[in-house]
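Letter by letter, the chains look like this.
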Amino acid sequence: MTERRVRVRFAPSPTGALHIGGVRTALYNYLFARQHGGDMIFRIEDTDSNRFVPGAEEYILESFKWLGIPFDEGVSFGGDHGPYRQSERREIYKKYVKVLLDAGKAYIAFDTPEELDAKRAEIANFQYDASTRMQMRNSLTLSKEEVDALIAEGKQYVVRFKIEPNEDVHVNDLIRGEVIINSSILDDKVLYKSADELPTYHLANIVDDHLMEVSHVIRGEEWLPSAPLHVLLYRAFGWEDTMPAFAHLPLLLKPEGNGKLSKRDGDRLGFPVFPLEWHDPKTGEVSSGYRESGYLPEAVINFLALLGWNPGNDQELMSMEELIKLFDLSHCSKSGAKFDFKKGIWFNHEYILLKPDEEIAELFVPVLKEHGVEAPFEKVVTVVGMMKNRVSFVRELWEASSFFFVAPTEYDEKTVKKRWKEDSAQCMTELMEVLAGIEDFGIENQEKIVMDWIAEKGYHTGNIMNAFRLTLVGEGKGPHMFDISWVLGKEETLARMKRAIEVLS
Ligand code: GLU
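If you look the protein up in an unreviewed UniProt entry, it shows as Glutamate--tRNA ligase from Bacteroides stercorirosoris. Taken directly from UniProt, the Subcellular location (unreviewed entry) text for the protein runs: "Cytoplasm". Quoted verbatim from the Function (unreviewed entry) field of UniProt, the annotation for the protein is "Catalyzes the attachment of glutamate to tRNA(Glu) in a two-step reaction: glutamate is first activated by ATP to form Glu-AMP and then transferred to the acceptor end of tRNA(Glu)."

*Asks:* Can you walk me through the overall build of the protein in this structure?
*Replies:* Of the regular secondary structure elements, the protein holds 19 helices and 15 strands. Taken over the C-alpha trace, the protein has a radius of gyration of 33 Å; the compact-globule value for 505 residues is 23 Å, which it surpasses by more than 25%. Along the first, second and third principal axes, the C-alpha atoms of the protein reach 110 × 50 × 40 Å. Within the span of the protein, comprising 505 residues, buried residues form 51% of the whole. When the accessible area of the protein is evaluated, it comes to approximately 24,100 Å², of which 51% is carbon and sulfur surface. Of the charged side chains in the protein, 60 are positive and 82 negative, and the gap between their average positions amounts to 3 Å.

*Asks:* Would you mind going over helix H18 (residues 461-473) with me for this structure?
*Replies:* In an α-helix, one turn spans 3.6 residues, which is why side chains three or four residues apart end up on the same side. Its 13 residues place the ends of H18 18 Å apart at the C-alpha level, agreeing with the 18 Å of an ideal helix rising 1.5 Å per residue. By the burial criterion, the buried members of H18 are Ile464, Met465, Ala467, Phe468, Arg469, Leu470, Thr471, Leu472 and Val473. With its phi angle positive at about 90 degrees, Gly474 sits one or two positions after the end of H18.

*Asks:* Whenever I open this one, the pattern of salt bridges confuses me. Can you help?
*Replies:* When the charged atoms of two side chains with opposite charge come close together, those side chains can pair. Under the counting rule described, the total for this entry stands at 39 salt bridges. Between Asp72 and Arg34 there is a salt bridge, and its shortest N-O distance comes to 3.1 Å. One end of the pair, Asp72, is in the loop between helix H2 (56-67) and strand E3 (73-74); the other, Arg34, is in helix H1 (residues 20-35), and 38 residues separate them in sequence. Residue Glu502 is joined to Lys498 by a salt bridge in which the shortest nitrogen-to-oxygen separation is 3.7 Å. One end of the pair, Glu502, and the other, Lys498, are both in helix H19 (residues 481-504), four residues apart, so they sit about a helical turn from each other. Among the ionic contacts, a cluster of salt bridges with common partners joins Arg9, Arg43, Glu45, Arg89, Asp208 and Asp209.

*Asks:* Is there a simple way to think about the site of the ligand in this case?
*Replies:* In the vicinity of the ligand, the contacting residues are Arg9, Ala11, Pro12, Ser13, Glu45, Tyr201, Asn205, Arg219 and Trp223. Glu45 places a side-chain nitrogen or oxygen 2.6 Å from a nitrogen atom of the ligand. Protein contact buries 84% of the 290 Å² of open area that the ligand shows by itself. Considering only residue class, the shell around the ligand consists of four nonpolar, two polar and three charged.

*Asks:* Sorry, what's going on with the environment of Thr141 here?
*Replies:* Assignment of secondary structure puts Thr141 in the loop between helix H4 (113-122) and helix H5 (144-152). Between the alpha carbons of Thr141 and Ala109 there is a distance of 9.5 Å; along the sequence they are 32 residues apart. With residues up to four places along the chain from it excluded, the contact list for Thr141 reads Arg133, Met134 and Met136. In this structure the side chain of Thr141 is engaged in a polar contact, spanning 2.6 Å, whose partner is the backbone oxygen of Met136.

*Asks:* Whenever I open this one, the packing of aromatic side chains confuses me. Can you help?
*Replies:* The description of an aromatic ring pair rests on the distance of the ring centres and on the angle between the ring planes. If you walk through the whole model with that rule in mind, you get 26 aromatic pairs. Taken together, a centroid distance of 4.5 Å and an interplanar angle of 15 degrees make the contact between Phe271 and Phe341 stacked. One end of the pair, Phe271, is in the loop between helix H8 (263-269) and strand E13 (278-279); the other, Phe341, is in helix H11 (residues 341-354), and 70 residues separate them in sequence. When its relative accessible area of 3% is taken as the criterion, Phe271 is described as buried. We classify Phe341 as buried; its relative accessible area is 11%. Taking 6.4 Å as the distance between ring centres and 45 degrees as the angle between the ring planes, the aromatic pair formed by Phe303 and Phe347 counts as tilted. Residue Phe303 is found in helix H9 (residues 297-305), and its partner Phe347 is found in helix H11; the two are separated by 44 residues along the sequence. Like Phe347, Phe303 is buried. Counting every residue linked through ring pairs, the aromatic cluster contains Phe271, Phe303, Phe339, Phe341, Trp346 and Phe347. The aromatic ring of Tyr28 is capped on one face by Arg24, whose charged end is 5.5 Å from the ring centroid.

*Asks:* Can you help me understand the UniProt feature "binding site: ATP" (unreviewed entry) in the protein in this one?
*Replies:* Feature annotation in UniProt assigns "binding site: ATP" (unreviewed entry) to the following positions: Lys263. You can see Lys263 is positioned in helix H8. Those residues in contact with Lys263 that lie beyond four places of it in its chain are Val273, Phe274, Glu285 and Ser287.

*Asks:* Looking at this model, I keep getting lost on the sheet that holds strand E5 (residues 158-161). Mind explaining?
*Replies:* The strands making up a sheet associate through hydrogen bonds between their backbones, and the pairing can be parallel or antiparallel. The four strands are arranged E4-E5-E8-E9 in an open sheet whose pairing can be described as antiparallel. The sheet is open, and its two borders are formed by strand E4 (106-109) and strand E9 (198-199), each paired with just one other strand. In this structure, E5 lies alongside strand E8 (residues 190-193), joined through three bridges in antiparallel fashion. Across the sheet, the residue bridging to Val159 is Tyr192, located in E8.

*Asks:* Sorry if this is basic, but what is going on with unusual backbone geometry here?
*Replies:* At the junction of Gly82 and Pro83, the peptide bond is cis and its omega measures out at -5 degrees in the coordinates. Mapped onto the elements, Pro83 comes out in the loop between E3 and helix H3 (90-102). Positive phi values are uncommon outside glycine, yet Asn125 reaches one of about 50 degrees. Structurally, Asn125 can be placed in the loop between H4 and H5. The backbone of Asn166 shows a phi angle near 60 degrees, a positive value even though the residue is not glycine. With respect to the helices and strands, Asn166 occurs in the loop between E5 and strand E6 (168-173).

Rules used throughout
Residues numbered from 1 in each chain as written. Predicted model: local features only at pLDDT ≥ 70, side-chain atom pairs only at ≥ 80, totals over all residues. Heavy atoms only, no water. UniProt positions renumbered as here; feature names shortened; annotations may be inferred. Helix = DSSP H or I, 4+ residues; strand = E, 2+ residues; numbered from the N terminus. Rg over C-alpha atoms; globule rule 2.2 N^0.38 Å. Buried < 20%, exposed > 50% of the residue type's maximum accessible area, 1.4 Å probe, protein only. Areas by Shrake-Rupley, 256 points an atom, 1.4 Å probe, with all protein chains shown as cover. Lys, Arg positive; Asp, Glu negative; His and termini not counted. Charge placed at Lys NZ, Arg CZ, Asp CG, Glu CD. Expected span 1.5 Å × (residues − 1). Salt bridge = Lys/Arg side-chain N within 4 Å of Asp/Glu carboxyl O. Near = heavy atom within 4 Å. Polar contact = N/O pair within 3.5 Å; in protein donor to acceptor, adjacent residues only side chain to side chain. Nonpolar A, V, L, I, M, F, W, Y, C, P; charged D, E, K, R; others polar. Contact = heavy atoms within 4.5 Å. Phe/Tyr/Trp six-rings, centres within 6.5 Å; stacked < 30°, edge-to-face > 60°. Lys NZ or Arg CZ within 6 Å of the ring centre and 35° of its normal. Pairing = 2+ DSSP bridges.

Written as C-alpha cells, this is what we have:
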C-alpha cells in the first residue's frame, strides 16, 4: 500500500478570539505537516450560527500571519477541496445526511424541546438512545406517511445518528494509544437541523475531513469524547479505510493550582491568553494579546511548542526549522501541560538576545518616538547591543536606557547622598579637563587615560566612577562607565558633567 499523503487541518469555529491553546493545536498541525511534506488546511466550522462572532475569522487569520504559520489551503488560501467555510457547504452535507437516512443509519426526529424536557423529568438521566428512542416521536416510531405529512406541514425536525448499543468502539490515538468505549454510553447525536438547514459539528466535521482527504486529526483533548462517535460515523459511511489517524493533545493547565487554563488566569496573573489583542464586538471588552504585549512571534512559537511536547532532551531554544525537524507526536505527553507564562517571558528575553541588534532597534525606535526621542539609528543599535541583555521586552529598553537619549534633569537623592562627596565637584572638574584633552574618545583609550590620571592623583577609583556616573546618568545605574561616555560622545559628556557640578554644588 502506498503511504497516504499527509493532510491536516486546523478547523476553528469563529466564535471569538483564538485561544492560545488553539494556537498550539495549529502549531503542532503545522509542524507535523511540514515535517512530512504534507498540506495544512484552514477550515472554518461555522455551522452554529448562534455562536458566530463577526471579525473572528479575520482575527484568526491575522494571528497566524503574525506568528508565521502559513496554510497551504483553505479559507483565504484557495485550493481544490473548497469551499472551506462550512456555511457554504450546505448542499454537500444534505447529500450525506440523505445517505445515512437511506441506509437506515440515521432517522428523523420531531420531538420538540418541551417534549424532550418532559422526558427528562420523567426518566432520570434520560438519554436519547437505543433504550429510549422507541418512546419518542421519530421516523422509527411513526409511519412513513406520518413523517412525510409532518415534513410537508413544515414541522421542524432533526436527524439523529442511530447508534447500535453494546459495541466496543476503538479509537486509536497516536498520543493516548487505544481508547475503547462502549457505544451504549453514547446518545443518538443530532447530525442535522431542518430549522437552519445546517448539519451539526459532528457531521460536517467528518464529511469534510473525508472529502478534504485529511490524513491526521490533531486537536485538543476536549474533542476526545467525540472521537468514538466520529469513528462510528466513518464506519456508517463506509469510510473506515481512509479514516484519519487521531491525536488528542494534552490540555493547557492553569499556571498554579488545578484545572484548565482560562482567560481569568491571564487577567489575574497578568498574561495574555490570546495571540493578538481582541476587541469583543458584543461586550466591547478589550483583551490583551501576545503581539501587543511585546512578545516576539518566534518566542511565542518556541514557548508553545514545549507545552505538551519536548524533543527528548533538555534543549529549549528551537527555531521553527528545528521544531519541524524534531517534532514528534509520540513524544507528546498525555497529561496536561502547566501554562508557565513566566517561561514565556524567559523565551522572549532569549529571543531578544538571539535577534540581531538592528532588528531589535527597529522595534525600539517607535518606543523612543513615543517618548519624544528621535536618535540616529546607529546610536539606537549600539544602545540596544549594550542593554538588551537586561530586558525581557523591547519596551523595557526605555526604562533601562533612556539616559543615553535624554540628559538627566534631576539627580536621584539617595545616590547623591551616597555618591556625591565633598570633593566630588573638584574631582569632576578635573576629570572634565582630562576628558576634554582626549583625542580618541574610544572606550579603551578613555579608560586607559582616566585610570592613569586616577592613579597619578592617588584618587579612589570607586569614588570617581560613582560621581562620574551620577553626572551622566542622574542615578547609580547603567552599564560600564566608558561605554556610556563613548556613546554620548565628548561634547555631551562634558555638557552633562558641567551641569551636574553646577546643580550639585
Ligand atoms: N470546530 C472545532 C473547534 O472549534 C474543531 C474540532 C476538531 O478539530 O475536530 O475546535
